[in-house]
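Structural overview for review
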Amino acid sequence: MDLDLRRRFYAEELEAVCRLRSPALVDALAAVPREHFLPPGPWTVLADVAIGSGSGFQTRVTADADPARVYHNIGVAIDSSRQLFSGHPGTIAPWIDALGLAPGGRVLHVGCGLGYYTALVAHIVGSSGRVLAFEVDDVLANRARANLRSYPQVDVRCGDASGELDGQFDAVLVNAGLTHPLESWLDVVAPGGKLVLPLTATMAAMGSNIGKGIVLLLTKQDSRDFAARLVGFAAIYSAIGIRDAGMNDQLGKAMMAGPMRWQGLTRVRRDAHEPSESCWLHGATFCLTA
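The structure reproduced in this document is the subject of the present report. (Residues numbered from 1 in each chain as written. Predicted model: local features only at pLDDT ≥ 70, side-chain atom pairs only at ≥ 80, totals over all residues. Heavy atoms only, no water.)

Here the focus is the overall build of the chain. Broken down by element type, the chain carries eight helices and 14 strands. For 290 residues, the compact-globule estimate of 2.2 N^0.38 gives 19 Å, and the C-alpha radius of gyration of the chain, at 18 Å, lies within 12% of that figure. Taking all 290 residues of the chain together, 53% fall into the buried category. Across the chain, the 26 positively charged side chains and the 29 negatively charged ones have centroids separated by 2 Å. (Helix = DSSP H or I, 4+ residues; strand = E, 2+ residues; numbered from the N terminus. Rg over C-alpha atoms; globule rule 2.2 N^0.38 Å. Buried < 20%, exposed > 50% of the residue type's maximum accessible area, 1.4 Å probe, protein only. Lys, Arg positive; Asp, Glu negative; His and termini not counted. Charge placed at Lys NZ, Arg CZ, Asp CG, Glu CD.)

As structure tokens, then:
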């Protein structure tokens, strides 16, 4: 099959299976060459979507270096020696879809890896938009910067994005597991803007680098509050340097309380208040509540 046609088939398959609503995202999936954001093939791929189950990574190696091999809903190794894989498109694409990106949009992307999902975002916001991408691993950040050099609207920086950020953003996409929303990220979301936030707890059986939890879509209502909506679940690499051990334990206990509690989350409060029965995850600067 012609590679352009294969890419279009891949995009439309994800559109159908993941119920993507954004034609611009489907077009980006059909246009951005995933193989340009990977090491040379043949590729090591995850044989199973589930990771962090305690049984290790179940991988296989593609039969050859034909780029068509990567146009499936599979994770592909970006550094086999460290068992680092790109996220599955069927997981990350719905997160991008939920952000409702448009041409001219300003996007903060935390955890850009080698830049494939950053490129999808950049394709949607176009040359009039802006994408500020962070990757905490300096090797990956340097490779992402090279991979994204044809996108002048993208600025790749090495770091965890926890410091001061310049300007406001219409959308924030986080590709790493957190224990809590960072106050600095909540501050830079523009009114009406959205943030995709994976909240994950780590357990000894899974290892400290993988966490499991829920993915929330936060929409800024005013300077203090965000509306919250559950958009999925995730097993994902843990963010480095910006997790909190105490919040990890609290989040794990909150998750154990069962889905009825987290499925009812509707709000992030940022005002000071005492914990109550409606508080699901209560921190010093935020509270996830029903």
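Read from one edge of the open sheet, 10 strands run E7-E6-E5-E8-E9-E10-E11-E12-E14-E13, paired in mixed fashion. In this open sheet, the two edge strands, each paired with only one partner strand, are strand E7 (154–158) and strand E13 (279–282). The average undirected angle you get between the axes of adjacent strands in this sheet is 25 degrees. The sheet contact formed by strand E8 (residues 169–174) and strand E9 (residues 189–201) spans four bridges and is parallel. Along E9, the bridge assignment pairs Val172 with Leu195. Here helix H4 (residues 116–125) sits on the sheet and contacts strand E5 (106–110), strand E6 (130–135), E7 and E8; the angle it forms with E6, its principal contact strand, is near 170 degrees. (Pairing = 2+ DSSP bridges. Axes fitted to C-alpha atoms, helices over the stretch in contact; angles between N-to-C directions. Contact = heavy atoms within 4.5 Å.)

What follows deals with the nonpolar core. With 59 residues, the main nonpolar core has Leu29 and Ile96 as its most contacted residues. When residues in this core are grouped by element, the largest group, eight residues, is from H4. Core analysis: the next-biggest nonpolar cluster, separate from the first, contains 38 residues, Leu186, Phe226, Ala254 and Leu281 among them. (Core = buried A, V, L, I, M, F, W, Y, C linked by side-chain atoms within 4.5 Å.)

Applying the stated rule across the entire model yields 16 salt bridges. One network of salt bridges, in which partners are shared, links Arg130, Asp155, Arg157 and Asp166. (Salt bridge = Lys/Arg side-chain N within 4 Å of Asp/Glu carboxyl O.)

On to the pairing of E8. Among the six residues in E8, five count as buried, and that is most of the element. With four bridges joining them, E5 and E8 adopt parallel strand pairing. Bridging from a neighbouring strand, Val107 pairs with Ala171 of E8. Running through helix H6 (residues 183–188), the crossover from E8 to the neighbouring parallel element E9 is right-handed. (Right-handed = clockwise from strand over helix to strand, strands pointing away.)

Once that is clear, we can look at H4. Burial of H4 is extensive: nine of the 10 residues sit out of reach of the surface. For H4, the complete set of buried residues consists of Tyr116, Tyr117, Thr118, Ala119, Leu120, Val121, Ala122, Ile124 and Val125. Immediately beyond the C-terminal end of H4, within one or two residues, lies Gly126, with a positive phi of roughly 75 degrees.

What follows is about unusual backbone geometry. Working note: non-glycine residues mostly have negative phi, and peptide bonds are mostly trans. With an omega of 0 degrees, the peptide bond between Gly41 and Pro42 qualifies as cis. A positive phi angle, near 55 degrees, is found at Arg19, a position not held by glycine. Note on placement: Arg19 falls in the loop between helix H1 (3–18) and helix H2 (23–31). Phi angles above zero are rare outside glycine, and Gln83 is one such case at about 50 degrees. With respect to the element layout, Gln83 can be found in the loop between strand E3 (77–79) and strand E4 (84–85).

Attention now moves to the environment of Ala171. Turning to its location among the elements, Ala171 is positioned in strand E8. Overall, Ala171 belongs to the buried group, its relative accessible area being 1%. For Ala171 and Ile96, which are 75 residues apart along the polypeptide, the C-alpha to C-alpha distance reads 9.3 Å.

This part takes up the side chain of Glu35. On the secondary structure map, Glu35 appears in the loop between H2 and strand E1 (44–46). For Glu35, a relative accessible area of 13% corresponds to the buried category. A distance of 3.0 Å separates a polar atom in the side chain of Glu35 from a polar atom in the side chain of Arg7. Setting aside chain neighbours within four positions, we find Glu35 in contact with Leu3, Arg7, Trp43, Pro67, Val70 and Tyr71. (Polar contact = N/O pair within 3.5 Å; in protein donor to acceptor, adjacent residues only side chain to side chain.)

As a further point, take the pairing of E5. Where burial is concerned, most of E5 is hidden: four out of the five residues are buried. Bridge analysis of E5 against E6 gives five bridges, and the strand direction is parallel. Residue pairing in the sheet places His109 in a bridge with Ala133 of E6.

Within the element layout of this structure, Val231 appears in strand E11 (residues 226–237). In this structure Val231 comes out as partly exposed when scored by relative accessible area, which is 26%.

Moving on, we come to H1. Helix length check: H1, at 16 residues, gives a terminal C-alpha distance of 22 Å against a target of 22 Å (1.5 Å per residue), a fit within 8%. When we look at burial in H1, the residues that qualify are Arg6, Arg7, Tyr10, Ala11, Leu14 and Cys18. All buried residues of H1 project into a common sector of 140 degrees when viewed along the axis, lining one side. The outward face of H1, more than 90 degrees from its buried face, is lined by the exposed residues Asp4 and Ala16. Contacts made by the buried residues of H1 are with H2, helix H3 (89–98) and H4. Capping the start of H1 is the job of one residue whose side-chain oxygen sits 3.0 Å from the backbone nitrogen of Asp4: Asp2. (Expected span 1.5 Å × (residues − 1). Arc of directions from axis to C-beta.)

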